[in-house]
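The chain contents come next:
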Amino acid sequence: MTATPLDRRLNAYRADLADARLQGRVAADRFVAGLPRAVVLPVAPLHARPDVHSGRDSELIYGETVRVFEMCNGWAWVQSDADGYVGYAPASALGSAAGLATHRVTALATFVYQRADIKAPVLARLPFGARLHVTAEDAGFAVLADGGFVFEGHVAPASRAETDFVEVAARFLGVPYLWGGRSSLGLDCSALVQTALSACGIACPRDSDMQEAGLGAVVAAPVAGHELRRGDLVFWRGHVAIAMGEGRILHANAHHMAVATEDADSAIARIAAGGSAITSVRRLAGARAT
């Protein structure tokens, strides 16, 4: 067995049950391969424990797939295929994983209509990044395999990546801050970074400590706002912001309770006054400087 415990956020193991892929690395009474399932609600919370009062650690987005290791008392113990995060989701949020996603939602939010008509009844409201299985086009609407119609201008082929993650993140200005949130209905600082990078086809872990450990290369810490290059990621303990250039940063934060942009030096000073200094600034290879 490994001497250092595996990160439980990214590895599904308990004393009684564990992911079969961890056999030989962790101790557990039983190992299971898990079953593939897909998220069928617009957004589903992911908890550390099977308890609605345990708080939200992260979220799953419509169309994302997971591996289910246990179903019990209305809860599913899962690992997300999107970012590897492990937690408990409501069992009602999951359905068949049949059919790969062909498209993704590119608008901050879009509606699923009962038919190809903007006056038709609305079946659901889907957030940015939702994965869709589109089977046809009908009068300007994408026809979904599981029923419903989405305005065609709000979706793009899943294989078509965005090219500027800073611009993608800036679309979220004003979206409410939500601890553990990971959608355009509400999200936290690391989710904003993850969502923007993922839209550009760049793999990104879920939490800010994981991002600081695994994204890009360290360029400076501490740093003045005017020294930040557009696309730099600025890290504090438990927080991350995106440099926009010209001495400004963009971040989902509890000070504004929203995604906001502000003067970098002012934000750095305010956060420092609260007892937190910059821990690192990291730069992604190939990030656009303008």
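A brief structural summary. Everything numeric here is computed off the predicted structure, so don't read it as measured data. (Residues numbered from 1 in each chain as written. Predicted model: local features only at pLDDT ≥ 70, side-chain atom pairs only at ≥ 80, totals over all residues. Heavy atoms only, no water.)

### Focus: the nonpolar core
Okay, so step 1: Core analysis: the largest hydrophobic core is formed by 27 residues, its most contacted members being Phe165, Phe172, Leu233 and Val259.
Okay, so step 2: Per element, the largest residue contribution to this core is seven residues, and it comes from helix α2 (residues 189-199). (Core = buried A, V, L, I, M, F, W, Y, C linked by side-chain atoms within 4.5 Å. Buried < 20%, exposed > 50% of the residue type's maximum accessible area, 1.4 Å probe, protein only. Helix = DSSP H or I, 4+ residues; strand = E, 2+ residues; numbered from the N terminus.)

### Details of helix α4 (residues 264-273)
Okay, so step 1: Where α4 is concerned, the buried positions are Ala264, Ala267, Ile268 and Ile271. Angular distribution of buried residues about the axis of α4 spans 100°; they occupy a single face of the element.
Okay, so step 2: Contacts from the buried residues of α4 go to β21 (233-236), β22 (239-245), β23 (248-253), β24 (258-263) and β25 (278-283).
Okay, so step 3: Measuring from the side-chain oxygen of the N-cap residue of α4 to the backbone nitrogen of Asp265 gives 3.3 Å; that N-cap residue is Asp263. (Arc of directions from axis to C-beta. Contact = heavy atoms within 4.5 Å. Polar contact = N/O pair within 3.5 Å; in protein donor to acceptor, adjacent residues only side chain to side chain.)

### A closer look at the sheet that holds β24
Okay, so step 1: Here six strands make up an open sheet; going across it, the order is β20-β25-β21-β22-β23-β24 and the pairing antiparallel. Strand pairing shows two members of the sheet lacking a second neighbour, β20 (217-220) and β24, which therefore form its edges. Along the sheet, successive strands turn relative to each other by an average axial angle of 35°, direction set aside.
Okay, so step 2: Judged from the four bridges that link them, β21 and β22 form a sheet pairing that is antiparallel. The partner of Phe235 across the bridge, within β22, is Val240.
Okay, so step 3: Contacting β21, β22, β23, β24 and β25, α4 runs over the sheet at an angle of about 110° to β24. (Pairing = 2+ DSSP bridges. Axes fitted to C-alpha atoms, helices over the stretch in contact; angles between N-to-C directions.)

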